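# A look at the structure
Each chain is listed here by its residues.
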Amino acid sequence: MSEIRELYEANNQGHVFEFYDALTDAEKTSLEKQASAIDLDEIADLTARLIQTSDCQDSGFSEAVEPAEYIPLEKNEGGDPARWVEARAKGEAALRAGRVAAFTVAGGQGTRLGYNGPKGTFGVSPILHKSLFQLFAEKILASSKIFARPIPWFIMTSQSNHDDTITFFEKSDYFGLPSDQVNFFSQGVMPAVDEEGKILLAEKSQIALSPDGHGGSLRALVRSGATRQMEADGIDIISYFQVDNPLVRCIDPAFIGFHLEGNSELSSKTVSKAYASEKVGVFCQRGDKTLVVEYSDLPEELAEATDTNGELLYRSGSIAIHLFDRDFVHRLGSGTGESAQLPFHLAHKKVPFIDSKGKINAPEAPNAYKFEMFVFDALPFANNPIIIETAREDDFSPVKNARGIDSAQTARDDQLRQFARWAAGAGIKVETNDSGLPAAAFEISPLFGDTAERFASSWDALENKTELTEGVVLA
Ligand code: UTP
């Protein structure tokens, strides 16, 4: 018996090799490879702590938690315009010095959207239906031109969408970016287990594996060599965003400036929650630690509590936009120094599996546990974390669902509203409804203008100004 099989037998996971003898040589090799990559002690430990002892997951909430402080937007109460001007200048200098990389986490399974393909290839822009990846590529290209430095882009995929993602970029000629400016690496995986912690088989020759969560990005950045490459290239700021947010400012000089000014290892953007029960995590403070409390862990009376101005007390919503200090990622992602590893969370899911008779089972109720890390769990480990406020309408409109809230439709409308605001700001007459949605759908390419100011100056410079009627694209 091979060493790996013996190890699995000794750890009570011998069933993984139940069908081994009947496999082809290639299948045997592939199963052994998958099996060798799993840390069985870690699985046993997670099973004992998270599945078999139900009360041991730290919900992140305790009596000692308070709302975290944040730097308000310049236009909002408490905002200091001069401070924002200074931060912007500092961020621009860092960009001109080539210190910043963009980083997209695109390894998720996108189950809620139900789209067949990597989520980043999903078309979202109102007229041209540009994909999420194309919008980000054009924003990064625009910033690279403005700051006269190529901004490297790192994209984390997962085992199941890695090849399709790369093919998509190759076929589209990297959307105008030099191909060596774009770096792909695949995130880690974790096996799904049943109630007893037994690893499930997806096929006779395959373990049921799924990505290890967006928090897995930190160790993937280290394992893939990305942090080392950044170090060699003089990059110390990693601009992190999710693949599902077409509005995100991939590169935001003011944010970068605040991050540097605060000597922060991990900075985050916040928006005020739209309503008390909105499903976003909330930035909180516990002693000297900043953390995100998930919406499901925030007691209802606190979620609804208001301050003296009548605003939600716990309003500071997390929108998964961060800046990471490269050394911090390296420390946390390699589990060195005093930093512990990010904790795993449990997700109870329906996972099809091969039973002991070799039959495929497609469960109708959750039958398995998946282990995932969350990126915001890095916050309590960071020195000097800072949070800045951003305008939701300029930074956040996630595509999560096939329809309804946070869907392609809401993201399309939010893009159109942004275009209408920019046009109105440049003095163009645009008819809109009460929600700011323009009567005629038009599109502004990030390469024409990726902010209100840059749109206005491109518009000013435009010789043949067209009317912004239905279907017009400013490219
Ligand atoms: P979500 O939490 O929305 O998960 O990911 P998802 O897998 O995309 O979608 P559902 O829940 O199956 O419908 C938020 C962001 O984190 C990335 C996603 O690609 C998305 O950008 N992510 C999530 C990863 O990169 N890896 C993961 O393991 C999980």
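In case you missed it, the structure is sitting above this.
Residues numbered from 1 in each chain as written. Predicted model: local features only at pLDDT ≥ 70, side-chain atom pairs only at ≥ 80, totals over all residues. Heavy atoms only, no water.

## Digging into empty space enclosed by the protein
To be explicit about the condition: Here the term cavity refers to a set of points on a 1 Å grid, laid over the protein atoms alone, in which a 1.4 Å probe fits but cannot get out; the term pocket refers to an open set having protein on both sides within 12 Å along at least five of seven lines, with lining residues being those that place an atom within 4 Å of a point. Grid points are joined across faces, edges and corners, and a volume is the space filled by probe spheres set on the points. Secondary structure follows DSSP: runs of H or I at least 4 residues long count as helices, runs of E at least 2 residues long count as strands, and numbering of each begins at the N terminus. We call Asp, Glu, Lys and Arg charged. Ala, Val, Leu, Ile, Met, Phe, Trp, Tyr, Cys and Pro are nonpolar, and the rest, Gly among them, are polar.
Going through the model one piece at a time under the given rule, you end up with 1 cavity of 30 Å³ or more. Taken as a whole, the largest cavity encloses approximately 30 Å³ of empty space. Around the largest cavity sit Phe241, Gln242, Asp244, Asn245, Val248, Ile319, Ala320, Ile321 and Phe396, which together line it. Looking at the lining of the largest cavity, the elements with two or more residues in it are strand 9 (237-242) and strand 13 (316-325). Here the lining of the largest cavity gets 3 residues from one element, more than from any other, and that element is strand 13. Looking at the lining of the largest cavity residue by residue, the class counts come to 6 nonpolar, 2 polar and 1 charged.

## What about the pairing of strand 9?
Rules: Each residue is assigned to one of three classes by its accessible area relative to the maximum for its type, calculated with a 1.4 Å probe on protein chains only: buried under 20%, partly exposed between the two thresholds, exposed over 50%. At least two bridges found by DSSP between two strands is the condition for calling them paired.
Where burial is concerned, most of strand 9 is hidden: 6 out of the 6 residues are buried. Every second residue of strand 9 is oriented toward a common face, with Ile237, Ser239 and Phe241 on one face and Ile238, Tyr240 and Gln242 on the other, all of them buried. Strand direction decides the pairing type here: strand 2 (residues 100-105) and strand 9, joined by 6 bridges, are parallel. In the strand pairing of strand 9, Val100 is matched with Ile237. Direction of pairing for strand 9 relative to strand 13: antiparallel, over a ladder of 4 bridges. Bridge pairing in strand 13 places Tyr240 opposite His322.

## A closer look at the packing of aromatic side chains
Worth spelling out the cut-off: Centres within 6.5 Å make a pair out of two Phe, Tyr or Trp rings, where for Trp the six-membered ring is used; the pair is then stacked when the planes are under 30 degrees apart, edge-to-face when over 60, and tilted otherwise. For a ring to carry a charge above it, either NZ of a lysine or CZ of an arginine must fall within 6 Å of the ring centroid while also lying within 35 degrees of the normal to the ring plane.
Overall, the coordinates contain 24 aromatic pairs when judged by the stated rule. For the pair Tyr115 and Phe122, a centre-to-centre distance of 4.9 Å together with 70° between the ring planes defines the contact as edge-to-face. With relative accessibility at 31%, the residue Tyr115 sits in the partly exposed group. Seen from their ring centres, Phe324 and Phe328 are 6.4 Å apart, and the 15° between their planes marks the pair as stacked. Residues Phe324 and Phe328 agree in their burial class; the two are buried. The rings of Phe133, Trp153, Phe168, Phe169, Tyr174, Phe175 and Phe184 are connected pair by pair, giving a single aromatic cluster. A cation over an aromatic ring shows up here: Lys204 above the ring of Phe19, its NZ or CZ 5.5 Å from the ring centre. Here the basic side chain of Lys465 rests over the ring of Trp459, its NZ or CZ set 5.8 Å away from the ring centre.

## Looking at the nonpolar core
Put simply, the rule reads: Nonpolar cores were defined as sets of buried Ala, Val, Leu, Ile, Met, Phe, Trp, Tyr and Cys residues, with membership established by side-chain atoms within 4.5 Å. Whether two residues touch is decided by their heavy atoms; if any such pair falls within 4.5 Å, the residues are in contact.
Within the largest apolar cluster, 55 residues are counted, with the highest numbers of intra-cluster contacts made by Tyr8, Phe103, Ile207, Phe324 and Phe371. The element contributing the most residues to this core is helix 3 (residues 40-51), with 5 residues. Apart from the residues lying within four places of it in its own chain, the contact partners of Phe324 are Leu218, Asp236, Ile237, Ile238, Tyr240, His259, Glu265, Leu266, Val329, Val375 and Ala378. Listed in part, the 49 residues of the second largest apolar core include Phe147, Phe241, Cys250 and Val271.

## Remarks on the pattern of salt bridges
Any two side chains of opposite charge can pair, given that their charged atoms come close. Defined as follows: In what follows, salt bridge is the name for a side-chain nitrogen of Lys or Arg lying within 4 Å of a carboxyl oxygen of Asp or Glu.
Within this structure, the stated rule accounts for 22 salt bridges. Of the charged contacts, one joins Arg219 and Asp212 as a salt bridge, the two residues approaching to 3.4 Å between their closest N and O atoms. Accessibility classification places Arg219 together with Asp212 in one group, the buried group. Measuring nitrogen to oxygen at the nearest pair gives 2.7 Å for the salt bridge that ties Asp244 to Lys400.

## Quick word on the side chain of His322
Keep this limit in mind: Any pair of N or O atoms that falls within 3.5 Å is considered a polar contact. Within protein, one atom must be able to donate a hydrogen and the other to accept it, and sequence-neighbouring residues count only if both atoms are side-chain atoms.
Mapped onto the elements, His322 comes out in strand 13. One polar contact links His322 to Ser268, side chain to side chain, over a distance of 3.0 Å. When near neighbours in sequence (up to four residues on either side) are disregarded, His322 contacts Ile238, Ser239, Tyr240, Phe255, Leu266, Ser267, Ser268 and Val375.

## Considerations on the side chain of Thr104
In this fold, Thr104 is placed in strand 2. On the basis of relative accessibility, which here comes to 0%, the residue Thr104 falls in the buried class. Other than its neighbours up to four places away in sequence, Thr104 contacts Phe136, Trp153, Phe154, Ile155, Met156, Phe241, Gln242 and Val243.

## Re helix 7 (residues 216-223)
Burial analysis of helix 7 places 7 of its 8 residues in the buried class, which makes it a mostly covered element. Every buried residue belonging to helix 7 is among Gly216, Ser217, Leu218, Arg219, Ala220, Leu221 and Val222, and all of these are buried.

## Here's the deal with unusual backbone geometry
If you check the backbone angles, His129 has positive phi at about 55° while not being a glycine. Of note, His129 is situated in the loop between strand 2 and helix 5 (132-146). We note that Ala148 has phi near 55°; this positive angle belongs to a residue other than glycine. Position of Ala148 among the secondary structure elements: in the loop between helix 5 and strand 3 (153-157). The exposed category is assigned to Ala148, whose relative accessible area is 65%.

## A short note on the packing of helix 4 (residues 81-96) against helix 9 (residues 253-261)
To keep things clear, this is the line we draw: Fitted lines through C-alpha atoms give the axes, limited to the stretch in contact for helices. The angle between two N-to-C directions lies from 0 to 180 degrees. Any angle that falls under 35 degrees is termed roughly parallel, while one over 145 is termed roughly antiparallel, one within 65 to 115 roughly perpendicular, and all others oblique.
Between helix 4 and helix 9, the least distance of the axes is 6 Å, while the angle of their chain directions is 95°. The angle between helix 4 and helix 9 places the two elements in the roughly perpendicular class. Every residue of helix 9 that contacts helix 4 at Arg83, Trp84, Glu86, Ala87, Arg88, Lys90, Gly91, Glu92, Ala94 and Leu95 is listed here: Pro253, Ala254, Ile256, Gly257, Phe258, Leu260 and Glu261. Partitioning the contact of helix 4 with helix 9 into residue classes produces 9 nonpolar, 2 polar and 6 charged.

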